[in-house]
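The lines below spell out each chain.
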Amino acid sequence: MENNSLEKSITLEKRPPKASPMSAALTFAWRALLRIRYVPEQLFDVTVFPIIFLLMFTYLFGGAISGSTGEYLDFVLPGILVMTVAMITMYTGLDLNKDIEKGVFDRFRSLPIWQPAVLVGALLVDVVRYSLAATIMITLGYILGFRAEAGFSGVVLAVLVILFFSFSLSWIWTMLGIIVRSEKALMAISMMLLFPLTFLSSVFVDPSTMPNWLQHFVDINPITFVVDASRGLIHGYDVTSELLIITYISVGLIAVFGTLTMYFFRNKN
């Protein structure tokens, strides 16, 4: 009996300490990065998609809208940058939904770890994806002739604002990824919400050229505030009011949908 007790005490002493919340989140972030490593096709949405959109809208519509592709490129690049990053936020929920369907989700919930780490880790990797998309977009823009009047610092500030807003927007799809039953349904819901938000905004044209009834929606569209703030930071305009509104919206999204996400996460059957 004494030997058995001694063996048990030794085993307990050798048991590794419980992972900290940050360590657990970084572990799940590393898991998400490994998935990209072994399935690099996942990066098509942040590599090919931005290139196609920028080239298509610049050279198809630039001359018709602004009379010059160069002038339109300076106007539209910040908008397409916001649109691209906003569109790929839905992949957070899609990846989570896949884990739920495969049963991996239940295994994660049974682990003795800080439970939100499963979601926070995935969101951290998505920030990396957003940064990659922004880098590709801006690099291509400079190759095509885009120039930021506020210089490199203005571009960096604009990207940080976009990343902050996109991180908050991701919580919506994370919540839906938990409660929606299939990946196809989640994709349909995401596109149904994202397309009106991105296209009915100031991404492609000045809202003053739109009908009055449409301007009312565009003027309160969160994407419009992010586009206007990014465009202003890149080209040196005062966008203090837009930045305040974006901060309120982003914090509100995280508070509301982050809370709902954790509720559904803990009570998922």
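The structure displayed is predicted, hence computed values, not measured ones.

Describing the overall build of the protein chain
Here's step 1: Helix and strand content of the protein chain: twelve helices and zero strands.
Here's step 2: Across the protein chain, helices and strands are ordered from the amino to the carboxyl terminus as α-α-α-α-α-α-α-α-α-α-α-α.
Here's step 3: Within the protein chain, buried positions represent 44% of all 269 residues.
Here's step 4: Sequence-distant contacts in the protein chain: of pairs separated by 6 or more residues, those separated by 24 or more amount to 77%.
Here's step 5: Within the structure as shown, the protein chain displays about 14100 Å² of accessible surface, and the carbon and sulfur contribution to it stands at 68%.

Re the packing of aromatic side chains
Working definition: an aromatic ring pair is given by the centre-to-centre distance plus the angle between the planes.
Here's step 1: Inspection of the entire model under this criterion finds nine aromatic pairs.
Here's step 2: The interplanar angle of 90 degrees and the centroid separation of 5.7 Å between the aromatic rings of Y142 and F146 together place this pair among those described as edge-to-face.
Here's step 3: Relative accessible area serves as the criterion here: at 1%, F146 is assigned to the buried category.
Here's step 4: Ring-pair connections join several aromatic residues into one group, and the members of that group are F49, F53, F57, F195, F199 and F204.
Here's step 5: Sitting over the face of the ring of F75, R231 holds its NZ or CZ atom 3.8 Å from the ring centroid.

With respect to the environment of F217
Here's step 1: As for its placement among the helices and strands, F217 is situated in helix α10 (residues 212-220).
Here's step 2: For F217, a relative accessible area of 33% translates into the label partly exposed.
Here's step 3: The sequence separation of F217 and L197 amounts to 20 residues, and the corresponding C-alpha distance is 9.5 Å.
Here's step 4: When sequence neighbours within four positions are dropped, the list of residues in contact with F217 reads P196 and L200.

Observations regarding the UniProt feature "transmembrane region" (unreviewed entry) in the protein chain
Here's step 1: When the UniProt feature table is mapped onto this chain numbering, "transmembrane region" (unreviewed entry) sits at residues 43-63, 75-96, 117-144, 150-173, 185-205 and 243-265.
Here's step 2: Taken end to end, residues 185-205 is 71% helix and 0% strand, and its two terminal C-alpha atoms sit 31 Å from one another.
Here's step 3: Structurally, residues 243-265 comprises 100% helix and 0% strand, and the distance from its first C-alpha atom to its last is 31 Å.

A few points about the pattern of salt bridges
Here's step 1: Under the counting rule described, the total for this entry stands at one salt bridge.
Here's step 2: Among the ionic pairs, R129 bridges to D126, the shortest N-O distance being 3.4 Å. Here R129 pairs with D126, and both are found in helix α7 (residues 117-144), just three residues apart, close to one helical turn. The same class applies to R129 and to D126, which are both buried.

Here's the deal with helix α4 (residues 69-88)
Here's step 1: Most pronounced at V76, the bend in α4 amounts to some 40 degrees, and the proline P78 follows within four residues.
Here's step 2: With respect to burial, α4 is a largely interior element, 15 of its 20 residues being buried.

Scoring rules and cut-offs
Residues numbered from 1 in each chain as written. Predicted model: local features only at pLDDT ≥ 70, side-chain atom pairs only at ≥ 80, totals over all residues. Heavy atoms only, no water. Helix = DSSP H or I, 4+ residues; strand = E, 2+ residues; numbered from the N terminus. Buried < 20%, exposed > 50% of the residue type's maximum accessible area, 1.4 Å probe, protein only. Contact = heavy atoms within 4.5 Å. Areas by Shrake-Rupley, 256 points an atom, 1.4 Å probe, with all protein chains shown as cover. Phe/Tyr/Trp six-rings, centres within 6.5 Å; stacked < 30°, edge-to-face > 60°. Lys NZ or Arg CZ within 6 Å of the ring centre and 35° of its normal. UniProt positions renumbered as here; feature names shortened; annotations may be inferred. Salt bridge = Lys/Arg side-chain N within 4 Å of Asp/Glu carboxyl O. Bend = angle between axes of the 7 residues up to and from the residue.

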